[in-house]
Amino acid sequence: MQFSLNGTQVDLDDEGASLLDLLRERLGIRSAKDGCSPQGQCGCCTVLVDGSPRVACVTPARRVAGREVTTLEGLDPSTRDRWAEALLATGGSQCGFCTPGIVLRLAATATANVDTALLAHLCRCTGWQAIVEAVAPTATPVGGRDLHAAAERSALEGGVPQRVGSDVVLGAGGFAEDTAPPDALVAVPTPDGGWAVAETLHEARRAAGKVQGRRTTRPPVHPLELPPGDWDLTLRTTWIEPAALEPDASWCAPGGEPWSPLANGGAFGAKVDSDAPATARRLADEHGRPVRVVLSREDTVRLGPKRPPIAAGINADGTGIVRVVRTPRIADAIRSVAPGLVVEEVDVPGPPTSARLRAAGWAEAAILLAAVDRRTAITAPNGSQATATVDPATGAVHVRVRAGRPLDETVLRSYAIGAVHMALGWVTSEGLFVDETGEVHDLTIRSFGILRAKDMPPVTVDIDTTDDREPMNGSDAVFAAVAVAAWLGRGLPSEWPTERGTFT
C-alpha cells in the first residue's frame, strides 16, 4: 500500500495493522500517542487524513491507501508553534500526553464551539478550561515566565519531577513508549498473569489473546456496608479508576536501568508502584535484548490500583467509624486529619487499591469532618489550605488556595482546575462496576464517568500570593474542598457518585 505521510510518499506492506500501529511501530512517529488502543475513545492518537481529524487506533492502515496523512510532525510549523505556545500560556497542558492530538484537531477544525471539537478527546490533568482558554485569540503569550519555577510547581502538584515547555505540549515529555529503541522486543500481559513477548506490539497482543475492552450498563457498586449506628452523616464511595491517559510502560536494556513509567506525570500516584520497570529489567536480562513492557488500557484497569472505597458514619462532634477496603497505609492517612474516627479495614474481592492516589484517605476524612460542620474550608496534612463554593444556579466553581509561594501562578491554577474536574467527577459521575468475584467490567476509558469538556462548569481560582511559606502541593486541598462543596450543594446524599449517567 502507498500513502503520503507529511508530504513524503510511503510504500509498505499491509499487514492488517491499524494506522496507529503503522505510524508508531514501523514509521517511528511518536507524536501520535496510544492511550486506549483499540478503543478509539481518548483522542490521543488523532491524526489528519486528507485534512480531517481521524482517530488512528481504530483506522485500518489500508483505509489510508492513496491518501494524505498528517501528524504533528507534518503540521505547518507556524501553526504548530502557535498552538503549543497558546496551551503553554494558559496551562492547557501538564503531562503533554493528550495535547498532540488536541493540537491537531484544533488546528484542523473550526473552534467556534470548542467543547464540541473536544468531544473526541479526554484530558485527565487540566480540567479542560485552560484548553478552551487557549483557543481564545486573547490567550496570553508566554512572555517572561520562569519555566524552571513552573516546573518546580508542577513537580509539587504532580508528585514527580516534571518539565514545562512548548515541546512538552507537543508530546515530547519523555514517555517510556516514545524513548524505547526501535529493535526492542515487546512484552504485554497475558490473562494467566504471564507475559507475551514478540518482535512487535501487534504480534505480542495477538499472542496474548488481547480482547478489546468493553463497558457495562450496570451502575457502580458500593462494596462496603455502612457501620451500624445513628449517625449525623453517612457516606459510601465506590471503586474509582485514576484514568491517567498514558498506560503503564517501561523499557530496559540487558543489565541496565529501566525507564520510569512516570515520565512527565505522576498519574495521580497510580504508577508509583508500577511493576513495569522491574518486569522490563527481568525480561531484558532473560532475552538478552532490550524489552519494552506495554500495558493496554484494559490492562491498566484490571491491574492498576484504584481509590479505596469507604463506608462511613460520623457524628457532629467528629467521632465515627470509617470502613475502608484494606489498603496499606490508608488507616494512617485517615487518622492524620481525623483522629476521632475509628478505622475498620475490610477484605473485599476487587481490584488492587492504593493509598498513594491523590489525597486517598485523608481527603475522605477531611470531607466528612467539613461536611458535618457545613463548611468547605480544607487544610491538608502538608499545611496547604483551600476553600470552595459552587453556585447553586449555574454550577460555577470558585476556589481560593494557599500553597506557599506560588512559583508560577499559571501552573498552580491549571492544577487547581484539574483538581476541580476530578473532584466533581468523583462526587457526581465516576465509578466502576465490579462483580462479586472482584472482576472489573468497565474497561473502556469512556465508561469511567470522567467529565467531558462540555460537562465542566466555569471555574475561577484565587491564589493567595501573600503566602510566603515554602511552596507545597495545593491542588490536593482544592480537590477535597471542591468535593465537599459539591456534596453539600447536592444535599449530602449518602452515596457517590450522585448522578451517574447524567454526564455520559
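Quick look at the structure, then.

Calculation criteria
Residues numbered from 1 in each chain as written. Predicted model: local features only at pLDDT ≥ 70, side-chain atom pairs only at ≥ 80, totals over all residues. Heavy atoms only, no water. Pairing = 2+ DSSP bridges. Helix = DSSP H or I, 4+ residues; strand = E, 2+ residues; numbered from the N terminus. Axes fitted to C-alpha atoms, helices over the stretch in contact; angles between N-to-C directions. Contact = heavy atoms within 4.5 Å. Expected span 1.5 Å × (residues − 1). Buried < 20%, exposed > 50% of the residue type's maximum accessible area, 1.4 Å probe, protein only. 1 Å grid on protein atoms, 1.4 Å probe; cavity = no way out; pocket = protein on both sides within 12 Å on 5 of 7 lines; lining within 4 Å. Points joined across faces, edges and corners; volume = space filled by probe spheres on them. Nonpolar A, V, L, I, M, F, W, Y, C, P; charged D, E, K, R; others polar.

### So, the sheet that holds strand β5 (residues 68-70)
Logical step 1: The sheet built from five strands is open, its strands ordered β2-β1-β5-β3-β4 with mixed pairing. The sheet is open, and its two edges are formed by β2 (8-11) and β4 (52-55), each paired on a single side. Adjacent strand axes in the sheet meet at a mean angle of 35° when their direction is disregarded.
Logical step 2: Where strand β3 (residues 46-49) lies against β4, four bridges are found, and the strand directions are antiparallel. In the strand pairing of β4, V47 is matched with R54.
Logical step 3: Here helix α3 (residues 99-108) sits on the sheet in contact with β3, β4 and β5, set at roughly 35° to β3.

### What to know about helix α15 (residues 475-489)
Logical step 1: Relative to the 21 Å expected for 15 residues at 1.5 Å per residue, α15 spans 21 Å between its end C-alpha atoms, a close match to the ideal helical length.
Logical step 2: Buried residues dominate α15, accounting for 13 of its 15 residues.
Logical step 3: Once α15 finishes, G491 follows within two positions and takes phi at roughly 85°, a positive value.

### Quick word on the sheet that holds strand β14 (residues 377-379)
Logical step 1: Strand order in the open sheet formed by four strands is β14-β15-β16-β17, and the pairing between neighbours is mixed. Strand pairing shows two members of the sheet lacking a second neighbour, β14 and β17 (459-463), which therefore form its edges. Shown here is a sheet whose adjacent strand axes are inclined to one another by a mean of 15°, direction ignored.
Logical step 2: Pairing between strand β16 (residues 397-402) and β17: five bridges, direction parallel. Each residue of the ladder has a partner; that of V401, found in β17, is I463.
Logical step 3: Sitting on the sheet, α15 touches β14, β15 (385-390) and β16, and the angle it makes with β15 is about 30°.

### A few points about empty space enclosed by the protein
Logical step 1: Scanning all chains against the criterion turns up five cavities of 30 Å³ or more.
Logical step 2: There is about 150 Å³ of room inside the largest cavity.
Logical step 3: Taken together, 18 residues line the largest cavity, and the ones lying closest to its centre are S93, Q94, S154, V164 and V411.
Logical step 4: Within the residue set of the lining of the largest cavity, elements represented by two or more residues are α2 (77-90), α7 (166-169) and α14 (409-428).
Logical step 5: In terms of residue count, the dominant contributor to the lining of the largest cavity is α14 (four residues).
Logical step 6: Split into classes, the residues belonging to the lining of the largest cavity amount to seven nonpolar, nine polar and two charged.

Function cannot be inferred from these measures alone, as they are strictly geometric.
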